[in-house]
Structures are given as C-alpha cells and as structure tokens.
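Fold and contact review
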Amino acid sequence: MAVGVFDNHAHANEYTGFGAGEVARRFRAAGGVGLVFVSLLSWSIGGVPGDRGWVVRLYDHTVRNAEVARGVGLVSGAVVGVHPAECVRLLEAGWGAGEVEEFMRWAVDLAARYVEEGRAVGMGEFGRPHWPVGEGVVDLCNRVLLYVFERARDVGAVVHLHLERRGRETVDSIAALVARAGVDPARVVMHHVEGALAGYAYARGLSPSVPLGRRGEFEDALKSGPVFVVESDYIDDKSRPGAVIPPWTLASKLKQYVARGVLTEEDMYKICVENVRRIYGDRLNI
Ligand SMILES: [Zn+2]
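Below: a short report on this structure. Note that the structure is a prediction, hence the values are computed from the model and not measured.

**Some points on the sheet that holds strand β5 (residues 158–162)**
Sheet architecture is open: eight strands sit in the order β1-β2-β3-β4-β5-β6-β7-β8, paired in parallel fashion. Two strands close off the open sheet at either side, each with one partner strand: β1 (5–10) and β8 (229–231). Within the sheet, the average angular offset between the axes of one strand and its neighbour, ignoring direction, is 25 degrees. Sheet topology places strand β4 (residues 122–127) next to β5; four bridges connect them, and they run parallel. Each bridged residue has a counterpart across the sheet, and for G127 the counterpart in β5 is H162. Its contacts with the sheet put helix α9 (residues 247–259) on β1, β2 (32–38) and β8, and the angle it makes with β1 is roughly 140 degrees.

Following this line, the structure appears as structure tokens:
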C-alpha cells in the first residue's frame, strides 16, 4: 500500500484564502493523510499586534483549523505561538524591549497551557526574523527562545522554529539553546530549513523540516538520507499566489518523486511516518 503524505507545517486562513476545510479536503484528495496547522500572524486574521485578546483568538483559530482537518479525516494537530515578526513589529511601533519580552513570555506561557490541556501539540512559530535585524533584536529573540524551550520541556511540547538561514551557525545556536534548556532536541523542528542543512541539523539531534516549494532543496536534503520531514508552509492567501506551494501540490510532488525513483517507498515511510512519530510521539496518531 502506498504511504500517505504528511505535511509538517501549513497555515489555513479563511480571511484570505480557502480556509481549513477546503485545504484539508484538497490535500486528502491528493493523497494526504496528515498535516500540522501553525498559527499565522495575528494581523493576518484581522488582529492587532501586541494585543493579548488577539493572541487568544489566534491560538483558538489554529486549534479550530486542526479540528476541521480531523473532521475531514486527516491526522492533524495545532502548533500555537507568536511569530518573531510580531516582536519586530512591536519594537518598530515604539514598545520597549522589556515590554516586548514580557508580552512574548506571556504568549509562550499561553501556548504551553494549550499544549498542557491537549488543545495543541506544539508551540510556534517562535524564533528569529529571517531578514537582517539589529543585534539587540536577535538577543531579545534568543531570550524568548530559551524560555520557549524551557516551557516546552516542562509540558512535553513540540516546537516549530522560524529562523534565519545562516547555515551551520543557525543550527549550532539552536542546539546550544536546546541543550541549555534541557528539552528533547527531537521535538524541536527547524521549520523551512535549508535542504542542504537537513543532515547537519539531524546529526545535532534536531528535527529538520524541509520545504518542497524551493527548487533543488529536497534533492539536497535527500543526499543525507531521509532524516527529515517535509512541509508546504502554505499561507492560504489568494493575494499572494505562488508564494509557497499548497499541501496538495506537496502531495503530488512526493508521489512524482516515488514514481521517478528519486524516492523509495521506504524513504517515504521514514519521511511521512517514522520521522513524524519521532517528533510528535503520542500527540499525533499517525
Ligand atoms: Zn509558517
């Protein structure tokens, strides 16, 4: 029997796109069996950055998306958190670094509570901006990240990280924070990792998640073996077509790789089942 496709990181947004129901149905029709929905930016659902009430609504939106996907017959879970872009937005709006850090720590605690209560499987996207920012911003994000890992350790949460792409330096800095917090590195997902870095991230115990929308990166990742999971990073925004691939395209691409012999059925099983179990354990019934 052919192995079903698992999309490790996607967003659904009925305000700008199809919404979770249609995304899940299309994915399932293309051979998808499971996907993880991750929180968007608070303003992507009409919210105000820095508003705690909107963070609650944002997390609830993500939880609902995963419920909708399960209703369609997929394995699904929610990963809830506040994107590092929100930190930058608040600093630009004149918030002090201390105020931003306090807000983010509150958002981290709230995410941990969602995991503890079984409403979410993980926390994210937390991390650092992928575009160049000042050292102070990076330091602030790293302090928040350390707290994310500590809380994830306490509640047994998976973490999805949004990071810059600076090669091994990026991986090493995360591995150091993870070790300091004492969280299981296998539960720490490097979302949108550079394909060529997947093997290195895995060797450091982390869980690389490779985007399939970037030409050549999947092939680069495979050179180190099937040690990663895959993701569409779909943003479900009709005003930005082609920004990323939809989950159903991810499914058909993977099936093409198998048909062309780039990927064996065993590799597919590792990527879409075994590696998913390594990350989520009992939290996802894949
Ligand atoms: Zn994302």
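More follows now that the structure is in view.
**A look at the environment of E101**
Tracing the backbone through its elements, the reader meets E101 in helix α4 (residues 97–116). Linking E101 and L140, residues 39 residues apart in sequence, is a C-alpha distance of 6.9 Å. Those residues in contact with E101 that lie beyond four places of it in its chain are L140, R143 and V144.

**Some details on the coordination of the zinc ion**
Only H9 (NE2), H11 (NE2), E125 (OE) and D233 (OD) from the protein reach the zinc ion as donors, at distances of 2.1 to 2.4 Å. Taken together, the four donor atoms surrounding the zinc ion define angles of 87 to 169 degrees at the centre, an arrangement classified as irregular. Mapped onto the sequence, the donors of the zinc ion take the spacing H-x1-H-x113-E-x107-D. One end of the pair, E125, is in strand β4; the other, D233, is in the loop between β8 and α9, with 108 residues separating them in the sequence.

**Some details on the packing of α4 against helix α5 (residues 135–155)**
Running from N to C, α4 and α5 point in directions that differ by 20 degrees, and their axes come no closer than 10 Å. Comparing their axes, α5 and α4 come out roughly parallel. Relative to α5, α4 is oriented so that their crossing is right-handed. Where α4 approaches α5, its residues A97, V100, E101, M104, R105, V108, D109, A112, V115 and E116 are matched on the opposing element by L140, R143, V144, Y147, V148, R151 and V155. Each residue belonging to the contact of α4 with α5 can be placed in one class, and the counts come to eleven nonpolar, no polar and six charged.

**Focus on the packing of aromatic side chains**
In total, this model carries eight aromatic pairs according to the counting rule given. Relative to F228, the ring of F218 has its centre 5.8 Å away and its plane inclined at 90 degrees; by these criteria the two rings are edge-to-face. One end of the pair, F218, is in helix α8 (residues 217–222); the other, F228, is in the loop between α8 and β8, and ten residues separate them in sequence. Consider the rings of F218 and Y257, whose centres lie 4.5 Å apart with planes at 25 degrees: the pair is stacked. Remark: Y257 occurs in helix α9 and F218 occurs in helix α8; sequence separation between them is 39 residues. Here Y257 falls in the buried class, since its relative accessible area comes to 8%.

**With respect to the packing of helix α1 (residues 20–29) against α9**
Two numbers describe how α1 lies on α9: the axes approach to 8 Å, and their chain directions differ by 10 degrees. What the angle tells us is that α1 and α9 run roughly parallel. On α9, the residues that touch V23, R26 and F27 of α1 are P247, W248, L250 and A251. Of the residues in the contact of α1 with α9, the class split is six nonpolar, no polar and one charged.

**Things to note about the side chain of N13**
Mapping N13 onto the fold places it in the loop between β1 and α1. Judged by relative accessible area, N13 falls into the buried class, the value being 1%. Apart from the residues lying within four places of it in its own chain, the contact partners of N13 are F18, G19, L40, S44, I45, H61, I235 and D236.

**Re the pattern of salt bridges**
Considering all chains together, one arrives at 16 salt bridges under this definition. For R119, the salt bridge identified is with E117, shortest N-O distance 2.5 Å. Residue E117 is classed as partly exposed on the basis of its relative accessible area of 46%. One salt bridge connects R166 with E169, and the closest N-O pair in it is separated by 3.1 Å.

**A closer look at the nonpolar core**
One recurring pattern in soluble globular proteins: nonpolar side chains tend to sit buried together. Ranked by internal contacts, the top residues of the largest apolar core, which has 100 residues, are Y59, M123, F126, F149, F218, F228 and L254. Per-element accounting of this core gives the leading share, ten residues, to α4.

Rules and cut-offs
- Residues numbered from 1 in each chain as written.
- Predicted model: local features only at pLDDT ≥ 70, side-chain atom pairs only at ≥ 80, totals over all residues.
- Heavy atoms only, no water.
- Pairing = 2+ DSSP bridges.
- Helix = DSSP H or I, 4+ residues; strand = E, 2+ residues; numbered from the N terminus.
- Axes fitted to C-alpha atoms, helices over the stretch in contact; angles between N-to-C directions.
- Contact = heavy atoms within 4.5 Å.
- Donors = N, O, S within 2.8 Å, 3.2 Å for Na, K, Ca; no water.
- Tetrahedral: all angles 85-135°; square planar, octahedral: opposite > 155°, others 65-115°.
- Parallel < 35°, antiparallel > 145°, perpendicular 65-115°, else oblique.
- Left-handed = near helix turned anticlockwise from the far one by under 90°.
- Nonpolar A, V, L, I, M, F, W, Y, C, P; charged D, E, K, R; others polar.
- Phe/Tyr/Trp six-rings, centres within 6.5 Å; stacked < 30°, edge-to-face > 60°.
- Buried < 20%, exposed > 50% of the residue type's maximum accessible area, 1.4 Å probe, protein only.
- Salt bridge = Lys/Arg side-chain N within 4 Å of Asp/Glu carboxyl O.
- Core = buried A, V, L, I, M, F, W, Y, C linked by side-chain atoms within 4.5 Å.

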